[in-house]
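An overview of the molecular structure
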Amino acid sequence: MIDKLKGLLRRLLPYGDDVMEQAVKSGVWVGVMNVTERGLELLLLVIVASLLSPRAFGLMGIALLILSSLKKFSELGVKDALIQAEEDNVDEELNTAWTIETVRGVVIAALLFVGAPYISSLFAEPAATGVVRIIALSPLVVGLQNPAVVYFKKSLDFHKEFVYRVSGAAAYFIVTVGYALYDPSVYALAVGYIAGDLTRFAVSYLADGFRPWPAFEVDIARRRLGFGKWITANSILYFLYSQGDDAFVGWALMASALGFYQLAYRLSNAPATEITHTISSVTFSAYSKVQDNTEKLRAGYLQTLRMTTFASFPAAVGIAAVAPAFVEAFFTPEWRPMIRVMQLLAVYGLLRSMGATMGPIWKAIGRPDYIAKLSALRVLLIAIFIYPVTMNYGIEGTAALITGVYIFPMMPIDIYLIARTIDSSPREILREIGYPLVASLGMGAAVTYVYHTVDLNVPIAEFAMLVLVGIITYAVLSITFMVSFDWEVKQNLESIVDTLAG
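Predicted model, so just to flag it, every value in this text is computed and none were measured.

**Things to note about the overall build of the protein**
Each helix and strand in the protein was counted, giving 21 helices and zero strands. Counting only residues that meet the buried cut, the protein has 55% of its 502 residues in that class. Sequence-distant contacts in the protein: of pairs separated by 6 or more residues, those separated by 24 or more amount to 81%. When the accessible surface of the protein is totalled, it reaches about 21200 Å², and 66% of it is carbon and sulfur.

**Comments concerning empty space enclosed by the protein**
What the rule picks out here adds up to four cavities of 30 Å³ or more. In this structure, the second largest cavity occupies an estimated 90 Å³ of space. Forming the walls of the second largest cavity are Val 78, Lys 79, Leu 82, Leu 94, Ala 97, Trp 98, Glu 101, Val 142, Gly 143, Gln 145, Pro 147 and Val 150. When residues in the lining of the second largest cavity are grouped by element, the largest group, four residues, is from helix 5 (residues 91-122). Each residue belonging to the lining of the second largest cavity can be placed in one class, and the counts come to eight nonpolar, two polar and two charged.

**Details of helix 19 (residues 426-453)**
Over its 28 residues, helix 19 runs 40 Å from end to end, which matches the ideal 40 Å to within 8%, given 1.5 Å per residue. At Gly 434, helix 19 shows its largest bend, some 35 degrees, and a proline, Pro 436, comes one to four positions later. Listing the buried residues of helix 19 in full gives Ile 429, Glu 432, Ile 433, Tyr 435, Pro 436, Ala 439, Ser 440, Met 443, Gly 444, Val 447 and Val 450. Check the buried side of helix 19 and you find it contacts helix 15 (294-330), helix 16 (339-355), helix 18 (369-421) and helix 20 (459-484).

**Considering the packing of helix 12 (residues 244-252) against helix 13 (residues 255-268)**
Look at helix 12 against helix 13: their axes get within 8 Å of each other, and the N-to-C directions meet at 155 degrees. The angle between helix 12 and helix 13 places the two elements in the roughly antiparallel class. Considering only the axes of helix 12 and helix 13, their crossing is right-handed. Contacts from Asp 245, Asp 246, Val 249 and Gly 250 of helix 12 reach helix 13 at Ala 257, Leu 258, Tyr 261 and Gln 262.

**Focus on helix 20**
For helix 20, with 26 residues, the first-to-last C-alpha span of 37 Å sits near the 38 Å given by 1.5 Å per residue. Residues Glu 462, Phe 463, Leu 466, Gly 470, Thr 473, Tyr 474, Ser 478, Phe 481 and Met 482 constitute the buried set of helix 20.

**Notes on a nonpolar patch on the surface**
Among the surface-exposed residues, Leu 122, Trp 251, Leu 253, Met 254, Tyr 387 and Met 391 lie close enough to one another that they form a single nonpolar patch of about 620 Å² accessible area. Structurally, Trp 251 is set in helix 12.

**Some words on the pattern of salt bridges**
The tally for this structure, following the rule as stated, stands at 14 salt bridges. Across the pair Arg 55 and Glu 125 runs a salt bridge, and its minimum N-O distance is 2.8 Å. Note that Arg 55 is positioned in helix 3 (residues 54-73) and Glu 125 in the loop between helix 5 and helix 6 (128-135), a separation of 70 residues in sequence. Since its relative accessible area comes to 39%, Arg 55 is described here as partly exposed. Three or more residues joined by partner-sharing salt bridges are found here, namely Glu 37, Glu 161 and Arg 165.

**A few points about the environment of Ala 110**
Tracing the backbone through its elements, the reader meets Ala 110 in helix 5. Assessed through its relative accessible area of 40%, Ala 110 is described here as partly exposed. Linking Ala 110 and Ala 136, residues 26 residues apart in sequence, is a C-alpha distance of 7.4 Å.

**Some words on the nonpolar core**
Counting 128 residues, the largest nonpolar core has Tyr 301, Phe 331, Met 338 and Ile 429 as the members making the most contacts within it. The element that contributes the greatest number of residues to this core is helix 18, accounting for 20 residues. Discounting residues that sit within four places of it in the chain, Phe 331 has contacts with Leu 45, Val 46, Ala 49, Leu 263, Leu 267, Phe 326 and Met 338.

**Digging into the packing of aromatic side chains**
If you walk through the whole model with that rule in mind, you get 23 aromatic pairs. Their ring planes at 45 degrees and their centres at 6.2 Å tell us that Tyr 435 and Phe 481 sit as a pair that is tilted. Here Phe 481 lies in helix 20 and Tyr 435 lies in helix 19, a separation of 46 residues in the sequence. An aromatic cluster is present here, built from Phe 57, Phe 260, Phe 326, Phe 330, Phe 331, Trp 335 and Phe 463 joined pairwise through their rings. Across from the ring centre of Phe 113, 4.7 Å away, lies the NZ or CZ of Arg 133, which sits over that ring.

**Focus: the environment of Thr 448**
As for its placement among the helices and strands, Thr 448 is situated in helix 19. Judged by relative accessible area, which is 32%, Thr 448 ranks as partly exposed. With 126 residues separating them along the chain, Thr 448 and Val 322 place their C-alpha atoms 7.7 Å apart.

**Digging into the environment of Thr 390**
Mapped onto the secondary structure, Thr 390 falls in helix 18. Residue contacts for Thr 390: discarding those within four places in its chain leaves Phe 248, Leu 253 and Thr 398.

**Section: unusual backbone geometry**
Look at the link from Phe 408 to Pro 409: it is a cis peptide, with omega at 15 degrees. Within the element layout of this structure, Pro 409 appears in helix 18. A positive phi angle, near 55 degrees, is found at Ala 124, a position not held by glycine. With phi around 60 degrees, Asp 423 is a residue other than glycine that occupies positive phi space. Following the sequence through the fold, Asp 423 ends up in the loop between helix 18 and helix 19.

**Describing the packing of helix 15 against helix 16**
In contact at an axis separation of 9 Å, helix 15 and helix 16 are set at 180 degrees when each is read in the N-to-C sense. As the angle between them shows, helix 15 and helix 16 are arranged roughly antiparallel. Of helix 16, the residues touching helix 15 (which contributes Leu 305, Thr 308, Ser 312, Phe 313, Ala 316, Val 317, Ile 319, Ala 320, Ala 323, Pro 324, Phe 326 and Val 327) are Ile 339, Met 342, Gln 343, Ala 346, Leu 350, Ser 353 and Met 354.

Rules of the game
- Residues numbered from 1 in each chain as written.
- Predicted model: local features only at pLDDT ≥ 70, side-chain atom pairs only at ≥ 80, totals over all residues.
- Heavy atoms only, no water.
- Helix = DSSP H or I, 4+ residues; strand = E, 2+ residues; numbered from the N terminus.
- Buried < 20%, exposed > 50% of the residue type's maximum accessible area, 1.4 Å probe, protein only.
- Contact = heavy atoms within 4.5 Å.
- Areas by Shrake-Rupley, 256 points an atom, 1.4 Å probe, with all protein chains shown as cover.
- 1 Å grid on protein atoms, 1.4 Å probe; cavity = no way out; pocket = protein on both sides within 12 Å on 5 of 7 lines; lining within 4 Å.
- Points joined across faces, edges and corners; volume = space filled by probe spheres on them.
- Nonpolar A, V, L, I, M, F, W, Y, C, P; charged D, E, K, R; others polar.
- Expected span 1.5 Å × (residues − 1).
- Bend = angle between axes of the 7 residues up to and from the residue.
- Axes fitted to C-alpha atoms, helices over the stretch in contact; angles between N-to-C directions.
- Parallel < 35°, antiparallel > 145°, perpendicular 65-115°, else oblique.
- Left-handed = near helix turned anticlockwise from the far one by under 90°.
- Patch = residues over 30% accessible without salt bridge, like charges linked within 9 Å, V, L, I, M, F, W, Y side chains within 5 Å.
- Salt bridge = Lys/Arg side-chain N within 4 Å of Asp/Glu carboxyl O.
- Core = buried A, V, L, I, M, F, W, Y, C linked by side-chain atoms within 4.5 Å.
- Phe/Tyr/Trp six-rings, centres within 6.5 Å; stacked < 30°, edge-to-face > 60°.
- Lys NZ or Arg CZ within 6 Å of the ring centre and 35° of its normal.

Written as structure tokens, this is what we have:
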């Protein structure tokens, strides 16, 4: 079985046999991990949204926005630098890394706790003070966790990463739902969030025998921060373009608007988020091991792009098509304003899943500055237009802007740059995404037609019918393209089927 899996991976990400066997096992764990984690999150959102108001989600959103901003602006990129390092064993550097992360966590926690009243006044939401102070525990707990968690990705030990992440997601789910049933308030979300961090903290020490001790070596810090400076810059810019819109909505409109916007984003981008995590977790480590071999990087990237878009494009288009039926079936009427936002952000999710294939390549070859520079342009464009668009068109306008900027000019630039990086051409990149895009659009058209022409008068049954129509339509169109054209995903799927059958 492992030999067949190794043969499959050789076609997808060609590199050494030992690494290959680890990556095969890692890929399985990452897939299961992301499906489990994302499934728990979606189930949590559906359950808790029926118990809490949009304003409660907005208050939690304010706390998480401030936490995220402080974390992103202070991200030093030490963990990414250790993963990217060619040395397999970085134990001698872990104490320095732990010290840096602990100090960072203490500072962020103190700023959140002391600044909670000022944060609340900034958003004109006094009720956010208590929530922010609870969330202040998060960076402290995360900073103190075992720094050896970097080996989960660096050594492709994703069975440990699975336990680490899924245990936290499970704790978040159980505590949040349990608290919400007892007291349906925003504190259910806050306490559940901390429960997830505490669980991951415990697992980080149970999963690896390394025990950190306060230490700081200047040479180690200087060497890793040299790589990490671009991770820091990109972290800040990523916050500005990925959550700056959330911050603006929360400030310019109200907490309930932020609740609609954030929940719509999380639901519409679930597949993109899953794809992003999977790609970043596996391919960054794999690409780093062949960072000097352009031919292998190109082969691995094109295969990754092909399989990524084959899975993520129909998921994104499908979400846009079934959004009205989904909200009608699983949410109360007060959540209907997020339907159009979900549809717009689903398109953003489609583009985001494709963009997620590029970052690991650039980080692996030691050029994270590409990500930072592209992000800076994106932030600038959003900053120019977000005020007039949001004030005139509300959260729908914000969603349209975020999506529109990614469509043009960012995606054309991304495609040109990644093609140059792997010594390919934009035409070759576009060819890989053309088939799944056309098949997905055809599926979306079929689902939309059925939605407007068939009325079962039972929302859940109607939603299930639309999902079934979408799956069948995409399968038929995909098979047609595989048979009629030279779409190489057919060979990839046949290899997977042969592997599973064996």
